[in-house]
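# Architecture at a glance
Okay, here's what each chain looks like letter by letter:
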Amino acid sequence: MQENTSGKIELYGMTEAEMRQAFSALGYPAFRGSQVFKHLYEESQGLQKGSVFTDMTDLPKKMREDLIADERIDVRLPEVLERQVAKDGTCKYLFGLADGEAIEAVFMKYEYGNSLCVSSQVGCRMGCRFCASTRRGLVRNLTAAEMVGQVLAAERDRGESVGHIVIMGIGEPFDNYENVGRFLDVLHEPKGKNMSYRNMTVSTCGLVEKIRMFGEDHPTVNLAISLHAPSDALRRKTMPVANRYSVA
Ligand code: SF4
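Note that the structure is a prediction, hence the values are computed from the model and not measured.

### Considering the packing of aromatic side chains
Summed over the entire model, instances satisfying the criterion amount to eight aromatic pairs. With centroids separated by 5.0 Å and ring planes inclined at 45 degrees, the aromatic side chains of F37 and Y41 adopt a geometry described as tilted. Accessibility expressed as a relative area gives 6% for Y41, which makes it buried. Taking the centre distance of 5.9 Å and the plane angle of 45 degrees together, the rings of F174 and Y177 count as tilted. Among the residues examined, Y177 registers a relative accessible area of 17% and is labelled buried.

### A closer look at the pairing of strand β5 (residues 102-110)
Note that strand β4 (residues 91-96) and β5 share six bridges and pair antiparallel. In the strand pairing of β5, G96 is matched with A102. Counted along the chain from β4 to the antiparallel partner β5, the turn is five residues long, and its residue G100 has a positive phi close to 90 degrees. Of the strand pairs in this sheet, β5 and strand β6 (residues 113-117) are connected by five bridges, and their pairing is antiparallel. In the strand pairing of β6, V106 is matched with C117.

### Focus: the sheet that holds strand β11 (residues 222-225)
Strands sit in the order β3-β4-β5-β6-β9-β10-β11 across an open sheet of seven strands; the sheet is mixed. In this open sheet, the two strands that pair with only one neighbour each are β3 (79-85) and β11. Taking the axes of each pair of neighbouring strands and ignoring which way they run, one obtains an average angle of 20 degrees across the sheet. Strands in contact with helix α5 (residues 177-188) are β9 (164-167) and β10 (200-204); relative to β9, the strand with the most contacts, it is inclined by about 180 degrees.

### Some thoughts on the site of the ligand
The environment of the ligand is made up of C124, M126, G127, C128, F130, C131, T134, G171 and C205. Its residues assigned to classes, the shell around the ligand comprises six nonpolar, three polar and no charged.

How each quantity is defined
- All chains use their own residue numbering, which begins from 1 and follows the written sequence.
- Selection of residues for local features in this predicted model requires a pLDDT of at least 70, selection of side-chain atom pairs for listing and counting requires 80 or more, and totals for whole chains, interfaces and linings are taken over all residues.
- Heavy atoms throughout the structure, all of them, feed into the side-chain values; hydrogens and water do not.
- Under the pairing criterion, centres of Phe, Tyr and Trp rings, with the six-membered ring standing for Trp, must be within 6.5 Å; the plane angle then separates stacked pairs below 30 degrees from edge-to-face pairs above 60, leaving the rest tilted.
- Any residue under 20% of the maximum accessible area for its type is buried, any over 50% is exposed, and the rest in between are partly exposed; the area is computed with a 1.4 Å probe on protein chains only.
- One bridge is not enough; two strands pair if DSSP finds at least two bridges between them.
- Only DSSP runs of H or I with at least four residues qualify as helices, and only runs of E with at least two residues qualify as strands; both kinds are numbered from the N terminus onward.
- Angular values range over 0 to 180 degrees, each being the angle between N-to-C directions of two axes fitted as lines to C-alpha atoms, with helices fitted over their stretch in contact.
- Contact criterion: two residues are considered in contact whenever any of their non-hydrogen atoms come within 4.5 Å of each other.
- A single heavy atom is enough: if one lies within 4 Å of a molecule or strand, its residue is considered near that molecule or strand.
- For this scheme, ten residues count as nonpolar: Ala, Val, Leu, Ile, Met, Phe, Trp, Tyr, Cys and Pro. Four count as charged, namely Asp, Glu, Lys and Arg, and the remainder, Gly too, count as polar.

Structure (structure tokens):
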């Protein structure tokens, strides 16, 4: 079961199969987990109306009331703290998380559809000299639910669907390998966002063992490598990771 650091069960961080298991563990028939999963990704779900469970009218009333009252269950989305909208429709978000930390995401409009640049960590320990995200070092990894939450919060704020994601915001995705993989799998769920793996891109500064592992685990997800310099010698001046791995 996906639990965050405060021990809450994060429903947005689960695949449908995991949601079924979670609802069984909570004492409900497994199929209720599938119903809730489907509802969580429906465009009409508006968290502002109160609990996300309120409109799930195919669940028994008592179950809805119990889910709303159950403090173990977390269905919060990141809060929009700030947004900057450009003329071309690009929207940069500062999202607030439950523990008071903040992360950034960027909504971009393209001819092929909308894309969101997602953060994977609070801070980063990779130490690239040109990057503000690394000044505090790594504060913590984001959970899969907090990454899914960026997508859904941006969609609800823009009133438009996100069809592509790039994990190129704050953090090194392969330093948070397990949660990033889970995030991609949750987005791919047919009854959820149903996003093709080919519409997802993971960007790394170049953690080679993880690149190889990722090729095995998610062979159809796109990979981007941030070089930032035309030679290893120059790269080593600004990116500590270049001391461990040459471009070759
Ligand atoms: S890996 Fe990315 S987020 Fe981390 S310090 Fe380098 S550029 Fe910044």
